[in-house]
Amino acid sequence: MRVRRTFCLVALLATTIAFVGCEAEEEPYVSPSGQEVAPGEVVDTPSDAVTVNLLIDDELYGYALDNAFNWDARGGNYDGSIIDGRYIYNGVEYYITFQQYICDLGAMNGLGNITTFSTPNPASECAVIKGHGYVFYNELMPESICIRNPYYEEVSADVQQAVLNDYYSKNRVEYYCVWVKDVFESGITVQYVVRNIFFATNS
């Protein structure tokens, strides 16, 4: 009887240890937007974060936002929609176009909760909501790649892909993690950090 009781206790202990071990090996949290930290967790604001107040003016809002986030650093349009540039590939100068996108990652505790580059719902514009996190980024449009000189000559899809692959293999792409700290009558307060990423491309 005593042996049976001892065996049951040992079996129970082993089961408990195995269960605790399984608990410890749970997959990390991943939100629907791809972030690795639960939106309600308290995370320190990144040390390189910038806090800026933006005044909202219907005619200058896009321009003011562009200025705050250096969105026009490539010489893009003031309306914040499309950025054009030049790129040399195999000795040929190509004309490339970037489309600017913003993704609403939903409500979160702060800027520190944006832990990875994710684009769950890319749009050219979206509502500014207090407490929401956003990712701003530029996406290269391969279908718009063409030879710049002399006549903006169109190129085949495989050449467009080759230029795209070459660009992304040599260039990190900037993106902005943005958190709306406050929304007031005539403007907003945002916190942001600039990050870089290598995009994977199809060979």
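Rules and cut-offs
Residues numbered from 1 in each chain as written. Predicted model: local features only at pLDDT ≥ 70, side-chain atom pairs only at ≥ 80, totals over all residues. Heavy atoms only, no water. Helix = DSSP H or I, 4+ residues; strand = E, 2+ residues; numbered from the N terminus. Buried < 20%, exposed > 50% of the residue type's maximum accessible area, 1.4 Å probe, protein only. Contact = heavy atoms within 4.5 Å. Areas by Shrake-Rupley, 256 points an atom, 1.4 Å probe, with all protein chains shown as cover. Pairing = 2+ DSSP bridges. Core = buried A, V, L, I, M, F, W, Y, C linked by side-chain atoms within 4.5 Å. Salt bridge = Lys/Arg side-chain N within 4 Å of Asp/Glu carboxyl O. pLDDT = per-residue confidence, 0-100.

### So, the overall build of the protein
Looking only at helices and strands, one finds three helices and eight strands in the protein. Burial analysis of the protein (203 residues in total) assigns 34% to the buried set. Long-range contacts, defined here as pairs at least 24 residues apart, represent 64% of the contacts in the protein between residues at least 6 apart. Of the roughly 12600 Å² that the protein leaves accessible, carbon and sulfur atoms contribute 53%.

### Some thoughts on the pairing of strand β4 (residues 132–140)
Most of β4 sits out of view: eight of its nine residues are buried. Here strand β3 (residues 92–107) pairs with β4 via nine bridges, running antiparallel. Bridged to Q99 within β4 is E139. Two strands pair when backbone bridges link them, and β4 and strand β7 (residues 173–184) are joined in this way by five bridges, in the antiparallel orientation. In the sheet register, Y137 faces β7, and the bridge partner there is Y175.

### Considering the nonpolar core
Counting residues in hydrophobic clusters, the biggest one holds 14 residues, and the most contacted among them are Y94, I96, L140 and Y167. Elements that contribute at least two residues to this core include exactly β2 (82–89), β3 and α3 (157–170). The greatest single-element share of this core, amounting to four residues, is contributed by α3. Counting residues in hydrophobic clusters, the runner-up holds twelve residues, among them M108, L111, F117 and V193.

### Here we look at the pattern of salt bridges
What the rule picks out here adds up to four salt bridges. Put simply, E93 and R86 hold a salt bridge, and the shortest N to O gap is 3.7 Å. Taking relative accessible area as the criterion, R86 reaches 54% and is therefore assigned exposed. Measuring nitrogen to oxygen at the nearest pair gives 3.3 Å for the salt bridge that ties D166 to K170. Of this pair, D166 and K170 both sit in helix α3, separated by four residues, roughly a single helical turn. By relative accessible area, D166 is classed as buried at 13%.

### What about the side chain of Q35?
For Q35, the location among the structural elements is in the loop between α1 (2–24) and β1 (50–55). Those residues within four positions of Q35 in sequence are excluded, and the remaining contacts are Y29, V30, L105, N113, I114, T115, T116 and S118.

### Points about unusual backbone geometry
Even without being a glycine, N90 presents a positive backbone phi close to 50°. Turning to its location among the elements, N90 is positioned in the loop between β2 and β3. According to the relative accessible area criterion, N90 is exposed, its value standing at 66%.

### Quick look at the environment of T115
Residue position: T115 is located in the loop between β3 and β4. Through-space distance from the C-alpha of T115 to that of G34 is 8.8 Å; in sequence the pair is 81 residues apart.

### Focus on the environment of A38
Positionally, A38 belongs in the loop between α1 and β1. The class for A38 is partly exposed, based on a relative accessible area of 21%. Beyond its immediate chain neighbours, meaning those up to four positions away, A38 contacts Y29 and N113.

### Looking at the confidence of the model for the protein
Summary statistics for the protein give a mean pLDDT of 75 and a share of 70% for residues scoring 70 or more. Across the protein, strand β5 (residues 146–147) holds the top mean pLDDT of 90, while α1 sits lowest at 45. Between residues 5–24, whose pLDDT stays under 50, and residues either more than four places distant or in other chains, the model counts zero contacts. Note that residues 70–81 has pLDDT below 50 and, in this model, 29 contacts with residues that lie over four places away or in other chains.

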